[in-house]
Amino acid sequence: MPHDFMPGLAGVPAARSTISDVNGETGVLEYRGIRIEELTAKSTFLETAYLLLFNCLPTRLELEKFTGDVALHRRIKFKIVDMIKSLPEQGHPMDALQAAVAALGMFYPGRTVQDPENNYWSAVRLIAKLPTIVAAFARIRRGDEYVAPRDDFEFSENFLYMLSERRPDPIVCQIFDACLILHAEHTMNASTFCGLITASTLADPYTVVASAIGALKGPLHGGANEEVLAMLREIGTIQGVRSYLEAKLKAKQPLMGFGHRVYKVKDPRAVILQQLAQKLFTHCGKSPLYALAEETERVALELLSQKRVYPNVDFYSGIVYDAMGIPTDTFTSIFAMARAAGWLAHWLEQMKENKLYRPDQIYEGEHNRSYLPLDQRQ
Ligand code: CMC
């Protein structure tokens, strides 16, 4: 059956799903029917991950078990730590994360993807171990020892502890946890689709998540949060905002952290992240980057709102992580740590009714060309 070609598959459904829904006109994002505003105010990242994976809010007992299972699987094999030590310090953390996650799968045999029990433990291991890998690479590359996880710390508290070896401030932990909730899932996007394509071949979940990490890395997707910080630093001063943005737009270059395929209003995650940034700065002092970001948003809206281009999730997240002392090139890995919950929820959903992805193409090349011997080619 012939179909119209849709560049970027824009608007083409790739799956049926009950995991999340986004209304790009009204700026509403729901996970399993619950709005993100409510989840960030009342839930935790791990509880939200459970909701995404299993389509219900856990009972107290279920939550205790899930939290305990994740805490017990935070450790990584010493061979994974050794592998991380052998990677170049100047290499990108997302490449280290992708390599380590792919390697993780080699340690867990019996990876049949039709066994619900096995799939549960794979999801637990991946959600538990990604933060350990991210923190390990962040430390090892700067010459510091890897810090082992603490089973008695909450999820976000443990990650921030593994980065700095200090017990983090509870307000900072709470804000960081809310950031993870906001990054945990976002319907059918490039990285989720990429993971599902890999999953459709019945590859193991470590390979699925490693594929998704690769797709998330690019600056048009998760990598934009790092680019936003680079852009703000390049702008430098409030006075420099307008001329910088005008020059970018004149050169037909996208403003990083702005625009979205689906949202035609301000991304609801950006709204919450901006509030979280304000809460963080009230608690631990203002960042000059925040004032610069607000002015950038104001001028960008003047220049771009006619095209319905508004700040997206990546615009304020980097400012929050930067104020927490996290290195800029680690931001996308944090996005990946959170999004693993969404990727795995989609993987579990697809495993119930899997069909190998095998799309079509519109062939525009030649037919029946003759093979020219090497010595006759110009
Ligand atoms: N800066 C300047 N102009 C923009 C931007 C932007 N960031 N985004 C869209 N536009 C313009 C675009 O040039 C086009 O103009 P015209 O009609 O004159 O050709 C118009 O707005 C419509 O945009 P589009 O290119 O059709 O939108 P798209 O759905 O193809 O692009 C996007 C979506 C995310 C690739 C794009 O907005 C972009 O490159 N943004 C910057 C990178 C970024 O922040 N990415 C993070 C996305 S959200 C989080 C995530 O997915 O990880």
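Our structure's up above, just so we're on the same page.
Parameters and conventions
Residues numbered from 1 in each chain as written. Predicted model: local features only at pLDDT ≥ 70, side-chain atom pairs only at ≥ 80, totals over all residues. Heavy atoms only, no water. Core = buried A, V, L, I, M, F, W, Y, C linked by side-chain atoms within 4.5 Å. Buried < 20%, exposed > 50% of the residue type's maximum accessible area, 1.4 Å probe, protein only. Domains from an automatic or database assignment. Contact = heavy atoms within 4.5 Å. Near = heavy atom within 4 Å. Polar contact = N/O pair within 3.5 Å; in protein donor to acceptor, adjacent residues only side chain to side chain. Areas by Shrake-Rupley, 256 points an atom, 1.4 Å probe, with all protein chains shown as cover. Nonpolar A, V, L, I, M, F, W, Y, C, P; charged D, E, K, R; others polar. Helix = DSSP H or I, 4+ residues; strand = E, 2+ residues; numbered from the N terminus.

1. Here we look at the nonpolar core
Soluble globular proteins tend to pack their nonpolar side chains together in the buried interior.
Phase 1 of the analysis: One finds Phe45, Phe159 and Phe176 to be the most contacted residues of the largest nonpolar core, which totals 118 residues.
Phase 2 of the analysis: Two domains share this core, each providing at least three of its residues, namely domain 1 (37-220 + 333-352) and domain 2 (224-323).
Phase 3 of the analysis: When neighbours within four sequence positions are excluded, Phe176 is seen to be in contact with Ser156, Phe159, Leu160, Tyr321, Met324, Ile326, Ile334 and Met337.

2. Let's talk about the site of the ligand
Phase 1 of the analysis: The environment of the ligand is made up of 21 residues, and the closest members are His221, Leu255, Phe258, Arg261 and Lys307.
Phase 2 of the analysis: In the model, an oxygen atom of the ligand is placed 3.3 Å from a nitrogen or oxygen of the Gly222 main chain.
Phase 3 of the analysis: Here Gly257 contributes a backbone N or O atom positioned 2.9 Å from an oxygen atom of the ligand.
Phase 4 of the analysis: Protein coverage of the free-state accessible area of the ligand, which is 930 Å², stands at 67%.
Phase 5 of the analysis: In terms of residue class, the shell around the ligand is built from twelve nonpolar, six polar and three charged.
Phase 6 of the analysis: A domain split of the shell around the ligand shows at least three residues from each of domain 1 (37-220 + 333-352) and domain 2 (224-323).

3. Quick look at the environment of Gly257
Phase 1 of the analysis: Topologically, Gly257 is positioned in the loop between α12 (241-250) and α13 (268-284).
Phase 2 of the analysis: Separated by 222 residues in the primary sequence, Gly257 and Arg35 place their C-alpha atoms 22 Å from one another.
Phase 3 of the analysis: Gly257 has contacts with Ala224, Val228, Tyr310, Pro311, Asn312, Asp314 and Phe315, leaving out every residue within four places of it along the chain.

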